[in-house]
Amino acid sequence: MSQESTVPGEVVETTDIPEPGAVTIVVPTFNESANVRQLLRQITEAVPARLPCEVVFVDDSTDDTPEVIEKAAQDCPFPVTVLHREEPVGGLGGAVVEGLKAATSDWIVVMDGDCQHPPALVPDLVATGERANAGLVVASRYIKGGSRAGLAGSYRVAVSRGATWLTKALFPRRLHGISDPMSGFFAIRRSAVTAEVLQPLGYKILLELAVRSRPRTVTEVPFVFQDRFAGESKSTAQEGLRFLRHLAGLRAASPVARMIGFGLIGLTGFVPNLLGLWALTATGMHYVPAEILANQLGVAWNFVLIEHLLFRERRRHRHWWDRAGRFALLANADLVLRIPLIALFVHQLHLGVLSATALALVTTFVLRFAATEALVYLPRRGREKPGRDSRTARRAA
């Protein structure tokens, strides 16, 4: 249900978003009440009448941002819609996905609400996409004519450059031709993206789009990153950690990558295992029970990393205690299975002890990975729980 103002000061109930325009501008906001009036003024001045548009704010604010948007929208010559989410699932990236679903135009431009992305570039983004027959047009700070001047301080510049280098190193093929995968300013055809396949975490939605459903043709236009008009940056250490988790989840999207990650995490589990064994035996505990207890430390370590780095999107299919119990059972069964396998390889295949042990380690690793996917993280047949959707209040101002 939406509310549309037909006369200044009067609000009536409607059920639809305003009439489609040539471009839908999606703006995710979190406590940007001091910026939205200036942003709408800039859009009004920058977007010509020959390019009809609508603006969709997807708001996760805890302040009066929605009310400020509604008041500022009264002076706008284009429709303005506010989608306020009570549960900010997926962060600002999740807000953008909500906006993609609500958009009614062929072209969707995503931009921040802090006035650091110049609305004057919106017509150029759409025109460039039409001329190049592109599905995605990225506003880049790192091509000729672009600048990151609005980044405050050398620390943020270094973080931005480091994040850009890391993402391009991890996804060289998917990000080929995109010089600024960290950009939050871009245009995309509505037909080029299926919002349901996106699984954002944090605020780098362009990276999510490029890796999971990159359109075939991508082009770029330069832009100068502006100074924030008001308020403070939402880029925090916590957002940085979410970004790293997001990177790990994207990189582990393929089965081969997940298996490699599974093995690397398993190797790191030797550290808490050995430290626990040393601590327990140092207290005088017999080495056999010490080995068993220390192994559980490694299992717990592996479970936490696998949960957050490899199978974040699949955790909703079972309760955490169910997943933890199944994972621990499989990890300890690995120890029980390995000894008879070694004996089998020695006596039946006539392998040496070292060769048999190595083959048993590889065999149990592959079996444990397959069993972990099938028995811990795959949805239960006929009982898959749908993802928790945020409750969203839609208002057309």
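Please read all numbers here as calculations on a predicted model, not as lab measurements.

Participant: Which parts of the structure should I look at to understand the packing of aromatic side chains?
Facilitator: In this description, an aromatic ring pair is defined by two values, namely the gap between the centres and the angle between the planes. Tallied over the full model, the rule gives five aromatic pairs. Ring centres of phenylalanine 303 and phenylalanine 327 lie 5.5 Å apart, and the angle between their planes is 50°; on these two criteria the pair is classed as tilted. Here phenylalanine 303, found in helix H10 (residues 287-309), pairs with phenylalanine 327, found in helix H11 (residues 320-348); they are 24 residues apart in sequence, far enough to count as distant. Each member of the pair, phenylalanine 303 as well as phenylalanine 327, is classed as buried. Within the aromatic cluster, the residues linked to one another by ring pairs are Phe185, Phe223 and Phe225.

Participant: Looking at this model, I keep getting lost on the pattern of salt bridges. Mind explaining?
Facilitator: In a structure, side chains of opposite charge can pair up when their charged atoms sit close to one another. If you walk through the whole model with that rule in mind, you get seven salt bridges. Between arginine 318 and aspartate 322 there is a salt bridge, with the nearest N and O atoms lying 3.5 Å from each other. The pair arginine 318 / aspartate 322 is uniform in exposure class, with both members buried. Measuring nitrogen to oxygen at the nearest pair gives 2.9 Å for the salt bridge that ties arginine 326 to aspartate 322. With arginine 326 and aspartate 322 both in helix H11, this residue pair falls four residues apart, about one helical turn. Among the residues examined, arginine 326 registers a relative accessible area of 30% and is labelled partly exposed. The class for aspartate 322 is buried, based on a relative accessible area of 15%. What emerges from the salt-bridge pattern is a single network uniting Arg318, Asp322 and Arg326.

Participant: Honestly, the pairing of strand E6 (residues 107-110) in this entry has me stumped. Any pointers?
Facilitator: Every other side chain in a regular strand lies on the same face of the sheet, so the side chains alternate between the two faces. Alternating residues of E6 divide into Trp107 and Val109 and Ile108 and Val110, and every residue in both groups is buried. Of the strand pairs in this sheet, strand E3 (residues 23-29) and E6 are connected by four bridges, and their pairing is parallel. When the bridges of E6 are listed, isoleucine 25 appears paired with valine 109.

Participant: Would you mind going over helix H6 (residues 205-213) with me for this structure?
Facilitator: Given 3.6 residues to a turn, an α-helix orients residues that are three or four positions apart in the same direction. Burial within H6 is extensive, with eight of its nine residues counted as buried. Buried within H6 we find Ile205, Leu206, Leu207, Glu208, Leu209, Ala210, Val211 and Ser213.

Participant: Can you walk me through the nonpolar core in this structure?
Facilitator: If you look at soluble globular proteins, the nonpolar side chains tend to sit buried side by side. Counting 36 residues, the largest nonpolar core has Ile25, Val55, Phe57, Val80, Val109 and Leu125 as its most contacted members. At the level of secondary structure, the elements contributing two or more residues to this core comprise E3, helix H1 (36-46), strand E4 (53-59), helix H2 (65-73), strand E5 (80-85), E6, helix H4 (122-132) and strand E7 (136-140). With sequence-adjacent residues up to four places away left out, valine 55 is seen in contact with Ile25, Val27, Leu40, Ile43, Phe78, Pro79, Val80 and Thr81. Val97, Ala103, Val110 and Ala210 belong to the second largest nonpolar core, which has 32 residues in total.

Participant: I tried to follow H11 on my own but got confused; where do I start?
Facilitator: Under the 1.5 Å per step criterion, the end-to-end length of H11 is 41 Å for 29 residues, consistent within 8% with the ideal 42 Å. Maximal helix bending in H11 amounts to about 30°, located at leucine 337; proline proline 340 follows within four positions. For H11, the full list of buried residues reads Asp322, Arg323, Phe327, Leu330, Ala331, Asp334, Leu341, Ile342 and Phe345. In the core, the buried residues of H11 are packed alongside helix H8 (255-268), H10 and helix H12 (353-377). One or two positions beyond H11, positive phi appears at histidine 350, with a value near 60°.

Participant: Help me out: how do you make sense of the confidence of the model for the protein in this one?
Facilitator: Keep in mind that low pLDDT regions are not for reading the predicted coordinates in detail. Scored by pLDDT, the protein comes out at a mean of 78, with 81% of its residues at no less than 70. The lowest-confidence element of the protein is strand E2 (residues 10-14), averaging 39 in pLDDT; the highest-confidence one is E6, averaging 93.

Participant: Can you walk me through a nonpolar patch on the surface in this structure?
Facilitator: A contiguous nonpolar surface patch, about 640 Å² in accessible area, is contributed by Val256, Ile260, Leu264, Leu267, Phe270 and Leu274. It is H8 that contributes the most residues to the nonpolar patch, four residues altogether. Its location among the elements puts leucine 267 in helix H8. With a relative accessible area of 52%, leucine 267 lands in the exposed category.

Participant: Explain the state of the cysteines to me, please; I cannot follow it from the model alone.
Facilitator: Each disulfide is one covalent bond, formed between the sulfur atoms of two cysteines. Tallied over the entire structure, the rule returns zero disulfides. Cysteine 53 takes part in no disulfide bond, and the closest cysteine sulfur to it belongs to cysteine 76, at a distance of 8.8 Å. The class of cysteine 53 is buried, set by a relative accessible area of 9%.

Participant: Would you explain the environment of arginine 189 in this entry?
Facilitator: Its place among the elements puts arginine 189 in strand E8 (residues 186-189). Sequence-distant contacts of arginine 189, that is, excluding residues within four places in its chain, are made with Asp106, Trp107, Gly129, Glu130, Asn133, Ala134 and Gly135.

Participant: What exactly am I supposed to notice about the environment of leucine 100 here?
Facilitator: Along the polypeptide, leucine 100 turns up in helix H3 (residues 91-102). Remark: the alpha-carbon pair of leucine 100 and isoleucine 25, spanning 75 residues in sequence, is separated by 9.6 Å. With residues up to four places along the chain from it excluded, the contact list for leucine 100 reads Val26, Ile108, Ile188, Leu198 and Leu209.

Participant: When you look at the packing of helix H9 (residues 270-282) against H10 in this model, what are you seeing that I'm missing?
Facilitator: Each pair of packed helices gets described by two things: the angle between the helix axes and the distance between those axes. Relative to each other, H9 and H10 sit at 145°, their axes nearing to 8 Å. Regarding H9 and H10, the two cross each other, and that crossing is right-handed. Note on element contacts: H10 touches H9 through Tyr287, Ala290, Glu291, Leu293, Ala294, Asn295, Leu297, Gly298 and Trp301, opposite Pro272, Asn273, Gly276, Leu277, Leu280 and Thr281. Of the residues that constitute the contact of H9 with H10, the class distribution is nine nonpolar, five polar and one charged.

Participant: Quick question: what am I supposed to make of the environment of valine 89 here?
Facilitator: Its place among the elements puts valine 89 in the loop between E5 and H3. Linking valine 89 and aspartate 60, residues 29 residues apart in sequence, is a C-alpha distance of 9.4 Å.

The rules behind each value
- Residues numbered from 1 in each chain as written.
- Predicted model: local features only at pLDDT ≥ 70, side-chain atom pairs only at ≥ 80, totals over all residues.
- Heavy atoms only, no water.
- Phe/Tyr/Trp six-rings, centres within 6.5 Å; stacked < 30°, edge-to-face > 60°.
- Helix = DSSP H or I, 4+ residues; strand = E, 2+ residues; numbered from the N terminus.
- Buried < 20%, exposed > 50% of the residue type's maximum accessible area, 1.4 Å probe, protein only.
- Salt bridge = Lys/Arg side-chain N within 4 Å of Asp/Glu carboxyl O.
- Pairing = 2+ DSSP bridges.
- Core = buried A, V, L, I, M, F, W, Y, C linked by side-chain atoms within 4.5 Å.
- Contact = heavy atoms within 4.5 Å.
- Expected span 1.5 Å × (residues − 1).
- Bend = angle between axes of the 7 residues up to and from the residue.
- pLDDT = per-residue confidence, 0-100.
- Patch = residues over 30% accessible without salt bridge, like charges linked within 9 Å, V, L, I, M, F, W, Y side chains within 5 Å.
- Areas by Shrake-Rupley, 256 points an atom, 1.4 Å probe, with all protein chains shown as cover.
- Disulfide = S-S within 2.5 Å.
- Axes fitted to C-alpha atoms, helices over the stretch in contact; angles between N-to-C directions.
- Left-handed = near helix turned anticlockwise from the far one by under 90°.
- Nonpolar A, V, L, I, M, F, W, Y, C, P; charged D, E, K, R; others polar.

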